[in-house]
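# Results of the structural survey
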Amino acid sequence: MRSWVRSIRSFARRKLKMNVNRDGPRFLPNTLSPTDFHALDENAQAAVCSTLERAIEDAIEFIEVEHPKCKAEEPGSSMIYGSTGGIAWAYMRLVLQSSALNLRTDLQTRIASLLVAHANTCLPPSPPSPRSGLNCGQIGFLIHPTGGATLALLLHYSLGGLRPMSDTELSHCIEILRTMSAAFNIPAAAGTSGEEEGFDAEPLNGRAGLLHAFLLLRKNVPLEKMDPTLRELVDDALIGEMVRVIVESGRVGAKVQPEGMRMKMPLVWRWTARPEVVLLSAGHGIAGILLTVLQAPPSAWKPYIEEILETVDCLVDLQMENGNWSVGVGHPKNDLVHWCHGAPGFILLLSHILSSSLPLDLSPTRRDKYTISLSKAVAHTWERGILTKGPGICHGITGSAYALLHSGEKDRALEMALCATEWRALEKDGKIRRPDGPSSLFEGLAGAVCMWADTLCVLKGHEEQVIGFPASLDVGTALAHL
């Protein structure tokens, strides 16, 4: 099994390349017309569902042929973002949704078999290296061994014991999470405490990423079924303490904001990889951190809710006239419309805050402010969301469609999801390019499969089976207005 350190270095190289505009447009002109599914006749509805079902099956065929050959995806790695672990994660979701999706019996059986095969290849995950000087910036769900351990535990405790672990493997995975939990308070920036500079709470690598993993375990595994050691890691007391540390870090980070901040946010976090910038959106930024915190039990975040909402107020004030956000304060790029940077990540946050499922008592003024901001972000994502980086969810077409689905824009989301099913033709015509990780959960088709499956759940009247945007809005799923 490849080391997690090598996987992270490979991921970092890919991220650098992904942020380069390869002399082409970032998006295609949107000439789509929103599809009102319920206005279609029965035959047309069946055809739409069949298109999405075929897209899922076609994507699985592509993944099974191409993933083993793709060195960039590090076959055999448990990393969720871009490797085998993420493919297993997507297949696990399909198995969980099987009753709602009602796919062909032979396809459902194959998906379950492939899930076990991929899990056997990448699990249990390699432990973090003691030589790495593990800290709070190396514990996130998507990039680090946290994700593989979480996947292994979910497969062990759920799905009727589809992939049970031995006692030794179970202890190994719990020990990985215990090690990550111990690193939660270890500073990421040399010479500082974790709170002194407000560093590395971000979702991909940092504290919010570990919190998200623990919340996923809480959501999907009854506490009484858990091993006692695991139960201690994810109980209310520890979750509350994790939220407290993240908030306190943001408070201190707000006192040492870089020059050029346009306003004083109550909570500010930075990433050690870009300390001169306050990143804003869902991947490495403030919106993603707040989104994770607000999916914790309300008792964990209610003591800080006014600071949280005042920070959201500031984020909304930073929205540009066209409805988008820049990558960050101190960063010049303002044309990205991705989950990781740009409007789609903010759509997830605002949709969750405005959802009736969240016990928030917003003032009419604040609710109007957030609703207007969400509407502008949705319009911009619809206009510029047919992205040329492929069909994936991080910076591809289904990421835009997912944001629209969560906002309640079902007609637009469906049309964009259907557009993404044409990825082969779009790629052949040179309109979109193949990402470096074409099978992966965030860059490629495994993530698209998740979006198509959630869309099918909505179309077939099983909104309760929607899981949500992977590793971002899949604990407290919010489908506004559904």
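Residues numbered from 1 in each chain as written. Predicted model: local features only at pLDDT ≥ 70, side-chain atom pairs only at ≥ 80, totals over all residues. Heavy atoms only, no water.

Looking now at the overall build of the protein. Helices and strands together make up the secondary structure of the protein, namely 19 helices and two strands. The globule rule puts the C-alpha radius of gyration for 482 residues at 23 Å, and the 21 Å found for the protein is close to it. In the protein, buried positions account for 61% of the 482 residues. Within the protein, counting contacts between residues at least 6 apart in sequence, those at least 24 apart form 72% of the total. Carbon and sulfur atoms make up 51% of the accessible area of the protein, which totals about 17600 Å². (Helix = DSSP H or I, 4+ residues; strand = E, 2+ residues; numbered from the N terminus. Rg over C-alpha atoms; globule rule 2.2 N^0.38 Å. Buried < 20%, exposed > 50% of the residue type's maximum accessible area, 1.4 Å probe, protein only. Contact = heavy atoms within 4.5 Å. Areas by Shrake-Rupley, 256 points an atom, 1.4 Å probe, with all protein chains shown as cover.)

The next subject is the nonpolar core. One finds Leu142, Leu153, Leu280, Trp301, Trp339, Phe442 and Trp452 to be the most contacted residues of the largest nonpolar core, which totals 162 residues. For this core, the element with the highest residue contribution is helix α19 (residues 445-459), accounting for twelve residues. (Core = buried A, V, L, I, M, F, W, Y, C linked by side-chain atoms within 4.5 Å.)

Attention shifts here to the packing of helix α7 (residues 167-183) against helix α8 (residues 207-220). At a minimum axis distance of 11 Å, the contact between α7 and α8 shows a crossing angle of 140 degrees. It follows that α7 is oblique to α8 by the angle criterion. Seen from above, α7 lies across α8 with left-handed handedness. Residue-level contacts link Leu177, Met180 and Ser181 of α7 to Leu210, Phe214 and Leu217 of α8. For the contact of α7 with α8, the per-class residue count stands at five nonpolar, one polar and no charged. (Axes fitted to C-alpha atoms, helices over the stretch in contact; angles between N-to-C directions. Parallel < 35°, antiparallel > 145°, perpendicular 65-115°, else oblique. Left-handed = near helix turned anticlockwise from the far one by under 90°. Nonpolar A, V, L, I, M, F, W, Y, C, P; charged D, E, K, R; others polar.)

Turning our attention to helix α6 (residues 145-157). Helix length check: α6 (13 residues) gives 18 Å between terminal C-alpha atoms against 18 Å at 1.5 Å per residue, within 8%. With 13 of 13 residues buried, α6 lies mostly within the body of the structure. Remark: Leu159 follows α6 within two positions and exhibits a positive phi of approximately 60 degrees. (Expected span 1.5 Å × (residues − 1).)

What follows covers the pattern of salt bridges. Enumeration according to the criterion identifies 20 salt bridges in this entry. Residue Glu53 pairs with Lys460 through a salt bridge whose shortest N-O separation is 2.7 Å. Placement of the pair is Glu53 in helix α2 (residues 42-66) and Lys460 in the segment after α19, with a sequence separation of 407 residues. Among the residues examined, Glu53 registers a relative accessible area of 23% and is labelled partly exposed. For Glu276, the salt bridge goes to Arg274, with nearest N and O atoms at 2.9 Å. Since its relative accessible area comes to 43%, Glu276 is described here as partly exposed. (Salt bridge = Lys/Arg side-chain N within 4 Å of Asp/Glu carboxyl O.)

The next subject is the packing of α6 against α7. Where α6 contacts α7, the two axes come as close as 9 Å, and the packing angle between them is 140 degrees. The orientation of α6 relative to α7 falls into the category oblique. For α6 against α7, the interelement crossing comes out left-handed. Judged by residue contacts, Pro145, Thr146, Ala149, Thr150, Ala152, Leu153, His156 and Tyr157 of α6 engage Leu170, Cys173, Ile174, Ile176, Leu177 and Met180 from α7. Here the contact of α6 with α7 is composed, by residue class, of eleven nonpolar, three polar and no charged.

Disulfides are covalent bonds that connect the sulfur atoms of two cysteines. Counted under the stated rule, the structure contains zero disulfides. With no disulfide of its own, Cys122 has Cys173 as its nearest cysteine by sulfur position, at a separation of 10 Å. No disulfide involves Cys340; its nearest neighbouring cysteine sulfur is the one of Cys394, lying 3.6 Å away. Residue Cys340 is classed as buried on the basis of its relative accessible area, which comes to 2%. (Disulfide = S-S within 2.5 Å.)

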